[in-house]
Structures are given as structure tokens and as C-alpha cells.
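Spelled out, the chains give:
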Amino acid sequence: MTKRDEAVGALIDELRHQGIDEDTVLSAIRSVPRADFVSLLDRQAAYANRPLPIGEGQTISQPYIVALMTQAAGVGRGDRVLEIGTGSGYQTAVLAEMGCVVYSIEIRPALARRAAKLLDRPSWATHLRTGDGNVGWPSAAPFAAILITAAARGLSPALAKQLRPGGRIVAPLGDTDGVQRLVVYEKDADGRLEQTDLGGVRFVPLVSD
Ligand code: SAH
């Protein structure tokens, strides 16, 4: 076993203990090289279960949070997923590795450019855009899931409209400079949103143009 295999194996065990039991999610996390998505200085810590800086004051989320959000989204092969906040591109890659068709928007051009390079693989279906994700991606809607990977005070109605019935939005909502709740909204056949709370989280703020 290589050092990487060992570190990834330990991470997968830890995620299972934390309640991640969806095999498609765990195997995507096993396959995607998180080391590629962190800075050279942090390669040693790439498979530790913690967030890391990615430049411009932004962070790549802790693997547990990526796994939790992905599992909560309830998506699989062929599903269209919208992500707001591409950041490093790691969450995008995990969804793409699961066979999802991912639409991801990043407001910071330098991060968007770096992520685009890392996500350029024939087996990953990703569509990337640089700009303000608050408006969503109307021409690609409706989505099976929408993942917001930066903190907002509330859910934007524009995004809720782009979710298909039966679909889910996963978002950190609350105090954007402090702690938020990780909230899951599921849309019923009548377009109503039912809310579940997955606990406290801490994300960088969602900004707007
Ligand atoms: N999913 C990322 C997490 C990145 S942190 C990962 O796996 O690495 C959140 C990201 O959201 C940052 O890169 C930040 O620049 C971006 N962001 C903040 N506000 C945004 C907005 N309005 N639209 C799109 N991206 C935004």
C-alpha cells in the first residue's frame, strides 16, 4: 500500500464513523485526488479530515462536509447538479466522479481558472462559468440538486425556482461571519420546500457582484 492509499483508507473509515454510508459517495472520495486540489504546501495534509486554504482567503471544505453535502443531495449518475462556489473544484470533481453532470459557478476568476484546469478530464461532465452564482444557471435548469458551498443569510428565490420537483438544495445558512446551519430543502410535487437541518457548519461568505 502506498502512503496515499493508507491516508485515503483512514479518511474513508473516519467518514463511515461520522455517518457517511452511501457507497457511491465514499468511492468518489476514494478516487478523486484531493492532493491535486490543495496547495503544494498542504499536500501532506490532503487526506486529513479538515479544511485547507486555497488562496484569496477561500478554503477547500473538510472532506466530511463535502461527503455530507453530496450524500444529502441524493444524486447519482446522469443527474444535473448546480454548484455555487467552485473554489478549488474538489466538490465539483466528487460529483462528476459519481457521474453527475455538474454546472458550477465561481465568482473569483483566478480560482475559476485553476479549477477549470483540474476538472478538464474526459470522464468528468462539468460546465464551468465565472460570475455571480446567485442568479443560478437558468438555461441548464431544472436541476436534481443545488449545492451552495458558501454561506448566505437565506435562500435565493432564483435558485429555488431552478430546482426540479423531488430535487434538493443543500446550503449553509445563517450568520455569514460566524456559524451557519447546514440546511437541506426538498421540493415536493407542488413546489413546496420541506426543510431539514444537518447541524452547525462554518463556510466563507457568499458574496455578490
Ligand atoms: N466547493 C468549494 C468550496 C470553496 S469555498 C471546494 O470544494 O473547494 C466557497 C467558494 O465560493 C469560494 O471560492 C468563493 O470565491 C465562492 N463564491 C463566493 N460567493 C460567490 C458567488 N456569489 N458566486 C459564485 N461563487 C462564489
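Only a predicted model underlies this, so the values are computations on that prediction, with no experimental measurement involved.

> Sorry, what's going on with helix H5 (residues 109-118) here?
Each α-helix turn comprises 3.6 residues. Residues three or four places apart therefore point the same way. For H5, the complete set of buried residues consists of Leu 111, Ala 112 and Ala 115. Buried positions in H5, seen along its axis, are confined to an arc of 100 degrees and lie on one side of it. Of the exposed residues in H5, the ones pointing more than 90 degrees away from its buried face are Arg 113 and Lys 117. The inward-facing, buried residues of H5 abut strand S1 (52-55), strand S2 (58-60), strand S4 (101-106) and strand S5 (126-130).

> Looking at this model, I keep getting lost on the sheet that holds strand S7 (residues 163-174). Mind explaining?
Neighbouring strands of a sheet are bound in pairs by backbone hydrogen bonds; such pairs are parallel or else antiparallel. One open sheet holds the seven strands; their spatial order is S5-S4-S3-S6-S7-S8-S9, and the pairing between them is mixed. Here the strands that pair on one side only, and so sit at the sheet edges, are S5 and strand S9 (193-201). Neighbour to neighbour, the strand axes of the sheet diverge by 15 degrees on average, direction disregarded. Of the pairings in the sheet, the one linking strand S3 (residues 80-84) to strand S6 (residues 143-148) comprises four bridges and is parallel in character.

> Hey, could you run me through the layout of surface pockets in this one?
Vacant regions in the atomic arrangement are exposed by a probe of water-molecule size rolled over the atoms. Taken as a whole, the largest pocket holds about 520 Å³ of empty space. Elements supplying a minimum of two residues to the lining of the largest pocket: S2, helix H3 (63-73), S3, helix H4 (90-97), S4 and S9. Of the residues belonging to the lining of the largest pocket, the class tally is 18 nonpolar, 15 polar and five charged.

> Sorry, what's going on with the pairing of S7 here?
Remark: a regular strand shows side chains that alternate across the two faces of the sheet. Where S6 and S7 come together, four bridges link them in parallel fashion. Bridging from a neighbouring strand, Ala 145 pairs with Arg 168 of S7. As consecutive antiparallel partners, S7 and strand S8 (residues 180-187) are separated by five residues.

> Looking at this structure, I do not really get the environment of Asp 132. What am I missing?
Among the structural elements, Asp 132 can be located in the loop between S5 and S6. With 74 residues separating them along the chain, Asp 132 and Leu 206 place their C-alpha atoms 9.3 Å apart. Residues in contact with Asp 132, not counting those within four places in the same chain, are Ile 105, Ile 107, Val 207, Ser 208 and Asp 209. Of note is the side chain of Asp 132, whose polar atom sits 2.8 Å from the side chain of Asn 134.

> Which parts of the structure should I look at to understand the packing of H3 against H4?
A pair of packed helices is captured by two measures, namely the crossing angle of their axes and the spacing between those axes. Where H3 meets H4, the closest approach of the two axes is 11 Å, and the angle between their N-to-C directions is 45 degrees. The angle between the axes of H3 and H4 places the two elements in the oblique class. Crossing geometry of H3 relative to H4 is assigned as right-handed. For the pair H3 and H4, contact is made by Val 66, Met 69 and Thr 70 and by Tyr 90, Gln 91, Val 94 and Leu 95, respectively. For the contact of H3 with H4, a count of residues per class yields five nonpolar, two polar and no charged.

How each quantity is defined
Residues numbered from 1 in each chain as written. Predicted model: local features only at pLDDT ≥ 70, side-chain atom pairs only at ≥ 80, totals over all residues. Heavy atoms only, no water. Buried < 20%, exposed > 50% of the residue type's maximum accessible area, 1.4 Å probe, protein only. Helix = DSSP H or I, 4+ residues; strand = E, 2+ residues; numbered from the N terminus. Arc of directions from axis to C-beta. Contact = heavy atoms within 4.5 Å. Pairing = 2+ DSSP bridges. Axes fitted to C-alpha atoms, helices over the stretch in contact; angles between N-to-C directions. 1 Å grid on protein atoms, 1.4 Å probe; cavity = no way out; pocket = protein on both sides within 12 Å on 5 of 7 lines; lining within 4 Å. Points joined across faces, edges and corners; volume = space filled by probe spheres on them. Nonpolar A, V, L, I, M, F, W, Y, C, P; charged D, E, K, R; others polar. Polar contact = N/O pair within 3.5 Å; in protein donor to acceptor, adjacent residues only side chain to side chain. Parallel < 35°, antiparallel > 145°, perpendicular 65-115°, else oblique. Left-handed = near helix turned anticlockwise from the far one by under 90°.

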